[in-house]
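Listed below are the residues making up each chain.
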Amino acid sequence: MSEKTLNTFEIVQQQIKDACTALGETQEVFEILKQPKSCIEVALPIKMDNGETKVFMGYRSLHNDAIGPGKGGIRYHQDVCIDEVKALSAWMTFKCGVAGIPYGGGKGGIIVDPRTLSIDEIERLSRAYIRAIAPVVGEQIDIPAPDVNTTPQIMGWMVDEYSKLQGKNTLGIVTGKPVAFGGSLARFEATGYGVALMMREAFRAKGKDIRGSKVSIQGFGNVGRFAAIYAEEMGAKVTAISDVSCCLYNENGLNVKKLYDYVNLPESKNMIQGFKGAEQEFDRNKVFEFDVDLLAPCALENAITSENVNSIKASIIVEGANGPTTPEADRIINEKGIFLVPDILANGGGVMVSYFEWVQNLQNYYWSFEEVQQKQEVKMVKAFNDIFYLKEKHNVSMRVAAFMMAIKRVADAMRARGIVK
Ligand code: GLU
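Quick caveat, the model's predicted, so the values are computed rather than measured. (Residues numbered from 1 in each chain as written. Predicted model: local features only at pLDDT ≥ 70, side-chain atom pairs only at ≥ 80, totals over all residues. Heavy atoms only, no water.)

Caption draft 1: Focus on the environment of Gly-100. Note that Gly-100 resides in the loop between helix H3 (82-99) and strand S4 (105-111). Gly-100 gets classed as partly exposed once you look at its relative accessible area, which sits at 36%. Each C-alpha atom of the pair Gly-100 and Lys-214 lies 31 Å from the other, and the pair is 114 residues apart in sequence. Sequence-distant contacts of Gly-100, that is, excluding residues within four places in its chain, are made with Lys-379 and Arg-409. (Helix = DSSP H or I, 4+ residues; strand = E, 2+ residues; numbered from the N terminus. Buried < 20%, exposed > 50% of the residue type's maximum accessible area, 1.4 Å probe, protein only. Contact = heavy atoms within 4.5 Å.)

So, in structure tokens, the structure goes:
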């Protein structure tokens, strides 16, 4: 199969297979994990601002709930498809397993380019979606959150709509909410902060220091932005950042906070292009090629392929996005001895703080920003060290080690429940 037509669901199935083999896990565990427990498809008729009705397709997949309720974001993107949602829900199972939080995996998505919708249309679509999936989600069943192109405001609308259906406030039904409405402090920053922590740990594991290092980041959405901000705070020079519009480069390090302010200006349209603090603007694909110590793909799936992997000069890759590396590129990365921190570990900070948010909602007692970040740091550094230990012990990649750890946890829960022997 050509790399261009790679199906993310087949990729995750192969990853599960590889880890089950490395673990010596039973065939029945593989048979259960290779597809979601359930996946629903919903058609959402939405009244557009011009009075016409348009139908949008949405999905929610619950991959596994042996350890606890499903957990995972909702993506709004024109390329969403059922197989992608299924794959992403499986990655969530393993991400939660790696993070050591009591959840299984879920994921949702709507086929829509939200840039083509007005804010009112997005609100109607979001409310319609949660109404449609209400029968399969719940505080103890499956708990959605933000993902690509979905915001705390969208989560707020969903909780409001779901609470109306229930006739009571159900804050724990969705995480990643606005802080004014049950959200957790430090949740908005959490995925990027976690990516920066994993950058720091990766340097440390290689006997190096993040301070003074050069970093290149693909993507300047919620993940890339905060990864860049915290990496800079930890002493790295973020020399290159790309988004869909272009790639910015500054040999001495871009001023990330200024860039953050720039993309928030209405005239920048949320894009980095036109920022004055860069030495040069390049084609966005150049972001993979710079002479840096660390590369962090923080955009979408299949970004690092057999076509661009050989131009990577970084000796460390930290996957901020879900599934950014194709299996063929992954093989080459391993052959070259590049140290790769896999997505299910590197970007697990978001769901980890979602868990903290849910705990705070259920107990109705809220923590400080520092408390949340400190708890996140302790848990993520532990996960990194545990996986590093497994990698050394079994002489496998960090990715296989991460899958092994997660699959063992899920399989143990399934055994404890009597689902498998
Ligand atoms: N969408 C994020 C992820 O892929 C966060 C999920 C969550 O917070 O539940 O990890």
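Text resumes after the structure shown.
Caption draft 2: Region of the structure containing the site of the ligand. Around the ligand lies a shell of 14 residues, among which Lys-71, Lys-95, Pro-146, Asp-147 and Ser-354 are the nearest. At 3.0 Å from an oxygen atom of the ligand is found a side-chain nitrogen or oxygen belonging to Lys-107. Contacts to the ligand include Arg-187, whose side-chain N or O atom sits 3.0 Å from an oxygen atom. Relative to its free-state accessible area of 290 Å², the ligand is covered by the protein chains to the extent of 95%. Looking at the shell around the ligand, the elements that each hand over two or more residues are strand S3 (70-77), H3, strand S5 (142-146) and helix H11 (349-363). Partitioned by chemical class, the residues of the shell around the ligand number four nonpolar, five polar and five charged. (Near = heavy atom within 4 Å. Polar contact = N/O pair within 3.5 Å; in protein donor to acceptor, adjacent residues only side chain to side chain. Areas by Shrake-Rupley, 256 points an atom, 1.4 Å probe, with all protein chains shown as cover. Nonpolar A, V, L, I, M, F, W, Y, C, P; charged D, E, K, R; others polar.)

Caption draft 3: Inspection of the nonpolar core at higher detail. If you look at the biggest cluster of nonpolar residues, it comprises 93 residues, and the most contacted ones within it are Met-199, Ile-217 and Ile-241. Looking at this core, the element that brings in the most residues is helix H13 (residues 398-417), giving twelve residues. Residues in contact with Met-199, not counting those within four places in the same chain, are Ile-210, Val-215, Ile-217, Ala-227, Ala-231, Leu-294, Ala-296 and Val-318. Counting residues in hydrophobic clusters, the runner-up holds 27 residues, among them Met-48, Tyr-162, Leu-171 and Val-174. (Core = buried A, V, L, I, M, F, W, Y, C linked by side-chain atoms within 4.5 Å.)

Caption draft 4: Representation of unusual backbone geometry in the model. The residue Ala-186 is not glycine, and still its phi comes out positive at about 70°. Among the secondary structure elements, Ala-186 is positioned in the loop between helix H5 (152-166) and helix H6 (190-205). For Ala-186, a relative accessible area of 3% corresponds to the buried category.

Caption draft 5: Representation of H13 in the model. With 20 residues, H13 ought to run about 28 Å at 1.5 Å a step, and its terminal C-alpha atoms sit 29 Å apart, in line with that. Positive backbone phi, approximately 85°, marks Gly-418, located one or two places after H13. (Expected span 1.5 Å × (residues − 1).)

Caption draft 6: Just the sheet that holds S4, in detail. Taken in spatial order, the five strands line up as S1-S2-S4-S3-S5 in an open sheet, and their pairing is mixed. At either end of the open sheet lies a strand with only one pairing partner, and these are strand S1 (38-47) and S5. Strand after strand, the sheet turns through a mean of 25° between neighbouring axes, direction not considered. Relative to S4, strand S2 (residues 53-64) runs antiparallel, the two being bridged by six bridges. In the strand pairing of S4, Asn-64 is matched with Gly-105. (Pairing = 2+ DSSP bridges. Axes fitted to C-alpha atoms, helices over the stretch in contact; angles between N-to-C directions.)

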